[in-house]
Amino acid sequence: MPVNFQNLRWAIVASQHPSLRQAAETLRIKQSTLSRRLQSLEHALGSRLFDRTNGGTRPTIEGREFLDAARRFVGETEAITIRVGKRSRGESGRLTIGIHASFSAGNLRATLVDHRYRFPDVDRKLVDGSRDHLMSDLTSSAIDVAFVAEPIPEWGDKSLLLWSERVVVALPQSHPLTARDVIRWGELKEETFLLSQHGPAPELLKLLVSKMGGSDPCRLIHHDVVLDRLLTLVGADWGILLALEGATGATYQGVTFREVHDEEGPMRLSFRAYWRQANDNPSLRPFLDLLRERYPDLSTTPES
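Residues numbered from 1 in each chain as written. Predicted model: local features only at pLDDT ≥ 70, side-chain atom pairs only at ≥ 80, totals over all residues. Heavy atoms only, no water.

A.B. asks: So what's going on with the packing of helix H2 (residues 20-27) against helix H3 (residues 31-45)? Residues and values would help.
C.D. replies: At a minimum axis distance of 8 Å, the contact between H2 and H3 shows a crossing angle of 105°. When the axis of H2 is compared with that of H3, the two are roughly perpendicular. Across from Leu20, Arg21, Ala23, Ala24 and Leu27 in H2, the residues of H3 making contact are Gln31, Leu34, Ser35 and Leu38. Its residues placed into classes, the contact of H2 with H3 shows six nonpolar, two polar and one charged. (Axes fitted to C-alpha atoms, helices over the stretch in contact; angles between N-to-C directions. Helix = DSSP H or I, 4+ residues; strand = E, 2+ residues; numbered from the N terminus. Parallel < 35°, antiparallel > 145°, perpendicular 65-115°, else oblique. Contact = heavy atoms within 4.5 Å. Nonpolar A, V, L, I, M, F, W, Y, C, P; charged D, E, K, R; others polar.)

A.B. asks: Which residues make up helix H4 (residues 61-88), and what values go with them?
C.D. replies: The end-to-end C-alpha distance of H4 is 41 Å, a good match for the 40 Å that 28 residues give at a rise of 1.5 Å each. The set of residues buried in H4 consists of Gly63, Leu67, Ala70, Val74 and Gly85. Looking at the residues trailing H4, positive phi occurs at glycine 90, about 75°. (Expected span 1.5 Å × (residues − 1). Buried < 20%, exposed > 50% of the residue type's maximum accessible area, 1.4 Å probe, protein only.)

A.B. asks: Give me the lowdown on the confidence of the model for the chain, citing residues and values where you can.
C.D. replies: Put simply, the chain has an average pLDDT of 87, and 96% of its residues get 70 or more. Contacts from residues 299-304, a stretch scored under 50 in pLDDT, to residues over four places away or in other chains number 12 contacts. (pLDDT = per-residue confidence, 0-100.)

A.B. asks: Describe the pattern of salt bridges, naming the residues involved and giving the relevant values.
C.D. replies: Close approach of charged atoms lets side chains of opposite charge pair. As enumerated under the stated definition, the model contains 18 salt bridges in all. Between arginine 294 and aspartate 114 there is a salt bridge; the shortest N-O distance is 3.1 Å. A residue pair is termed long-range when its members are at least 10 positions apart, and arginine 294 in helix H9 (residues 284-294) and aspartate 114 in helix H5 (residues 107-118) qualify at 180 residues. Judged by relative accessible area, which is 14%, aspartate 114 ranks as buried. (Salt bridge = Lys/Arg side-chain N within 4 Å of Asp/Glu carboxyl O.)

Now the structure itself:
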């Protein structure tokens, strides 16, 4: 005969009290109900689990052996139930996030910190890369969501407009332009620019070309290294570097950041979150809900 799971739990509670009356009070049921359930369990097992006397109820030798195993079984089953429930609600598991830009400061950093605080059992894996690399990973399901600067018209799945970040220029501390609070594009025309092949560098290069007017507006030196290493080169006076304000939260020796303005004010690039609607990772939905909560004015914009 099958064993009722609740009967197991009640038998364990009964073994922890000297009388059925006290056990029933703990379970908030009638003593007669508990007695019938224990008898049903004993009948299913074909073995007497408890000695019932005027002095109380005590497990038999067979009962102690059975209840020891039952405690392990019930404990493991309840633990598995909790884990599966948390996983299905997106409160645990893994979330792989594609990162397009530095986030030592700003909205992206704040979002990741908030998500870690709310969902401490989610294992977050960050993947850095260019726009094309991240979108390829998204298509192949190697990542769950990607944060990318500037819209991607060719993306045919889900996206959400988020925040924008100001464009800044990283200068050596000895550079004459550090004396200015803001810098105009025309003042950068004779400079040597360091460019990465990672992150938003291609978008920043397009912006530079459009503002300078021409396909080769100034001296460009490409390096296949990440932003942090390029900023070290800026501090060593190898050149200057365009970045987004999310990179300004860290301190780099010999480096000063200044905003770049045109006639309308500071330049900005907009960030969007991209993901696949068919993605069935339970951890993705709470993360997207958090984005909509943090950026309600922008998240009301219709998704592509």
